[in-house]
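A closer look at the structure
What follows is each chain in one-letter form.
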Amino acid sequence: MNRHIKIMTIVLALAMAVSTLVSCGMSNDPKKTKEALEEKNYTVEAIIGDNDLDAQAELDSMSDEMHITAGELVAVISATKGNVENDLPENFIYIYYFKDSKTANKFWDENQEDIGNIKSEYKDATGFEVKKEGSVVYFGTAQAIKDAK
(Lines give C-alpha, C1' and ligand atoms only; values in the text may rest on other atoms or scores of the structure.)
Protein backbone atom coordinates (compact mmCIF):
# COMPACT_ATOMS: atom_id res chain seq x y z
CA MET A 1 0.00 0.00 0.00
CA ASN A 2 2.78 2.41 0.96
CA ARG A 3 4.55 1.70 -2.34
CA HIS A 4 1.39 2.52 -4.32
CA ILE A 5 1.03 5.86 -2.54
CA LYS A 6 4.62 6.80 -3.42
CA ILE A 7 4.11 5.86 -7.07
CA MET A 8 0.83 7.79 -7.26
CA THR A 9 2.51 10.84 -5.68
CA ILE A 10 5.28 10.76 -8.30
CA VAL A 11 2.80 10.32 -11.16
CA LEU A 12 0.67 13.19 -9.85
CA ALA A 13 3.72 15.45 -9.50
CA LEU A 14 4.82 14.67 -13.06
CA ALA A 15 1.32 15.31 -14.42
CA MET A 16 1.17 18.67 -12.64
CA ALA A 17 4.61 19.65 -13.96
CA VAL A 18 3.66 18.76 -17.55
CA SER A 19 0.35 20.65 -17.34
CA THR A 20 2.13 23.71 -15.95
CA LEU A 21 4.68 23.68 -18.78
CA VAL A 22 1.98 23.24 -21.42
CA SER A 23 -0.14 26.08 -20.04
CA CYS A 24 2.78 28.51 -20.08
CA GLY A 25 3.27 28.44 -23.84
CA MET A 26 2.06 30.89 -26.45
CA SER A 27 -1.45 30.13 -27.70
CA ASN A 28 -1.76 28.59 -31.16
CA ASP A 29 -4.97 30.58 -31.65
CA PRO A 30 -4.19 34.08 -33.00
CA LYS A 31 -7.73 35.30 -32.26
CA LYS A 32 -7.39 34.43 -28.56
CA THR A 33 -3.98 36.06 -28.39
CA LYS A 34 -5.33 39.21 -30.06
CA GLU A 35 -8.20 39.36 -27.57
CA ALA A 36 -5.86 38.81 -24.61
CA LEU A 37 -3.64 41.69 -25.70
CA GLU A 38 -6.59 44.00 -26.37
CA GLU A 39 -7.98 43.23 -22.89
CA LYS A 40 -4.64 44.41 -21.48
CA ASN A 41 -4.93 47.71 -23.43
CA TYR A 42 -2.40 47.00 -26.17
CA THR A 43 -2.77 48.59 -29.58
CA VAL A 44 -3.05 45.48 -31.74
CA GLU A 45 -2.67 45.02 -35.48
CA ALA A 46 -3.49 41.56 -36.76
CA ILE A 47 -3.60 39.80 -40.10
CA ILE A 48 -5.42 36.52 -39.64
CA GLY A 49 -5.94 34.45 -42.77
CA ASP A 50 -8.70 32.28 -41.27
CA ASN A 51 -11.20 32.15 -44.17
CA ASP A 52 -10.32 35.73 -45.15
CA LEU A 53 -8.99 35.71 -48.72
CA ASP A 54 -7.64 39.27 -48.61
CA ALA A 55 -5.81 38.64 -45.34
CA GLN A 56 -4.38 35.36 -46.62
CA ALA A 57 -3.23 37.08 -49.81
CA GLU A 58 -1.41 39.66 -47.68
CA LEU A 59 0.21 36.89 -45.62
CA ASP A 60 1.19 35.03 -48.80
CA SER A 61 2.87 38.17 -50.13
CA MET A 62 5.22 38.04 -47.10
CA SER A 63 6.18 34.42 -47.70
CA ASP A 64 9.03 34.89 -50.20
CA GLU A 65 11.07 37.19 -48.01
CA MET A 66 10.45 34.85 -45.05
CA HIS A 67 11.81 31.85 -47.01
CA ILE A 68 8.53 29.93 -46.81
CA THR A 69 5.82 28.93 -49.28
CA ALA A 70 2.50 30.74 -49.74
CA GLY A 71 -0.10 29.35 -47.37
CA GLU A 72 2.42 28.44 -44.64
CA LEU A 73 2.05 31.74 -42.75
CA VAL A 74 -1.46 31.83 -41.29
CA ALA A 75 -1.39 34.95 -39.07
CA VAL A 76 0.75 37.86 -37.89
CA ILE A 77 0.09 39.96 -34.79
CA SER A 78 1.92 43.06 -33.64
CA ALA A 79 1.02 44.85 -30.42
CA THR A 80 2.38 47.85 -28.54
CA LYS A 81 1.65 49.48 -25.20
CA GLY A 82 3.12 52.26 -23.10
CA ASN A 83 5.36 55.24 -23.57
CA VAL A 84 7.84 55.39 -26.42
CA GLU A 85 11.48 55.71 -25.35
CA ASN A 86 14.40 55.63 -27.79
CA ASP A 87 11.97 54.90 -30.65
CA LEU A 88 10.70 51.77 -28.83
CA PRO A 89 7.39 51.36 -27.03
CA GLU A 90 7.61 50.31 -23.39
CA ASN A 91 6.09 46.91 -24.26
CA PHE A 92 5.76 45.31 -27.69
CA ILE A 93 5.40 41.91 -29.32
CA TYR A 94 5.41 40.50 -32.85
CA ILE A 95 3.94 37.02 -33.31
CA TYR A 96 4.11 34.83 -36.44
CA TYR A 97 1.74 31.86 -36.69
CA PHE A 98 2.70 29.10 -39.12
CA LYS A 99 0.56 26.22 -40.38
CA ASP A 100 2.62 23.70 -38.36
CA SER A 101 5.77 23.31 -36.30
CA LYS A 102 7.72 21.96 -39.29
CA THR A 103 7.15 25.28 -41.11
CA ALA A 104 8.07 27.27 -37.98
CA ASN A 105 11.29 25.27 -37.71
CA LYS A 106 12.04 25.93 -41.40
CA PHE A 107 11.44 29.66 -40.89
CA TRP A 108 13.60 29.67 -37.74
CA ASP A 109 16.47 27.81 -39.43
CA GLU A 110 16.40 29.77 -42.71
CA ASN A 111 16.23 33.18 -41.02
CA GLN A 112 18.95 32.97 -38.35
CA GLU A 113 20.76 35.99 -39.80
CA ASP A 114 17.57 38.08 -39.68
CA ILE A 115 16.82 36.84 -36.16
CA GLY A 116 20.33 37.90 -35.12
CA ASN A 117 19.68 41.34 -36.64
CA ILE A 118 16.42 41.61 -34.68
CA LYS A 119 18.25 40.76 -31.46
CA SER A 120 20.79 43.51 -32.20
CA GLU A 121 18.12 46.04 -33.19
CA TYR A 122 16.11 45.56 -29.99
CA LYS A 123 18.97 44.90 -27.56
CA ASP A 124 18.04 48.01 -25.55
CA ALA A 125 14.44 46.90 -25.02
CA THR A 126 13.75 45.82 -21.44
CA GLY A 127 13.62 42.05 -21.15
CA PHE A 128 13.74 41.45 -24.91
CA GLU A 129 13.23 37.82 -26.02
CA VAL A 130 13.03 35.89 -29.30
CA LYS A 131 11.40 32.43 -29.08
CA LYS A 132 9.90 29.60 -31.08
CA GLU A 133 7.22 27.37 -29.56
CA GLY A 134 5.60 24.76 -31.74
CA SER A 135 4.10 26.53 -34.76
CA VAL A 136 4.60 30.03 -33.31
CA VAL A 137 7.62 32.35 -33.51
CA TYR A 138 7.59 35.59 -31.54
CA PHE A 139 9.76 38.38 -30.23
CA GLY A 140 9.16 41.25 -27.86
CA THR A 141 9.52 42.47 -24.32
CA ALA A 142 9.11 39.97 -21.50
CA GLN A 143 5.99 41.74 -20.18
CA ALA A 144 4.29 41.75 -23.58
CA ILE A 145 5.08 38.07 -24.04
CA LYS A 146 3.58 37.34 -20.62
CA ASP A 147 0.49 39.42 -21.47
CA ALA A 148 0.01 37.53 -24.75
CA LYS A 149 -0.05 34.10 -23.09
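Notes on the structure follow. (Residues numbered from 1 in each chain as written. Predicted model: local features only at pLDDT ≥ 70, side-chain atom pairs only at ≥ 80, totals over all residues. Heavy atoms only, no water.)

Right, let's talk about the sheet that holds strand S5 (residues 136–141) for a bit. Reading across from one edge, S1-S2-S3-S5-S4 is the order of the five strands in this open sheet, with antiparallel pairing throughout. Pairing within the sheet leaves two strands with one partner each, and these edge strands are strand S1 (43–48) and strand S4 (128–133). Averaged over all pairs of adjacent strands, the angle between strand axes in this sheet comes to 5 degrees, irrespective of strand direction. Across six bridges, the pairing between S1 and strand S2 (residues 73–85) is antiparallel. Bridging across to S2, Val44 finds its partner in Ala79. Helix-sheet contacts for helix H5 (residues 112–121) involve S4 and S5, and the interaxial angle to S4 is about 150 degrees. (Pairing = 2+ DSSP bridges. Helix = DSSP H or I, 4+ residues; strand = E, 2+ residues; numbered from the N terminus. Axes fitted to C-alpha atoms, helices over the stretch in contact; angles between N-to-C directions. Contact = heavy atoms within 4.5 Å.)

This part covers the side chain of Thr33. On the secondary structure map, Thr33 appears in helix H2 (residues 30–39). Here Thr33 falls in the buried class, since its relative accessible area comes to 1%. Thr33 has contacts with Met26, Ser27, Ile77, Ile95, Tyr97 and Ala148, leaving out every residue within four places of it along the chain. (Buried < 20%, exposed > 50% of the residue type's maximum accessible area, 1.4 Å probe, protein only.)

Of all hydrophobic cores here, the largest spans 22 residues; its most connected members are Met62, Met66, Leu73, Tyr96, Phe98, Tyr122 and Phe128. The biggest single contributor to this core is strand S3 (residues 88–98), with four residues. Among residues more than four places away in sequence, those in contact with Met62 are Ile47, Leu73 and Val76. Among the nonpolar cores identified, the runner-up in size contains 16 residues, and Met26, Leu37, Val44 and Ile93 belong to it. (Core = buried A, V, L, I, M, F, W, Y, C linked by side-chain atoms within 4.5 Å.)

Of the residues making up helix H3 (residues 53–63), those classed as buried are Ala55, Gln56, Leu59, Met62 and Ser63. Angularly, the buried residues of H3 cover 115 degrees about the axis, an arc narrow enough to put them on a single face. Those residues of H3 that are exposed and aimed more than 90 degrees away from the buried face are Leu53, Asp54 and Ser61. Looking at the buried side of H3, the elements it contacts are S1 and S2. (Arc of directions from axis to C-beta.)

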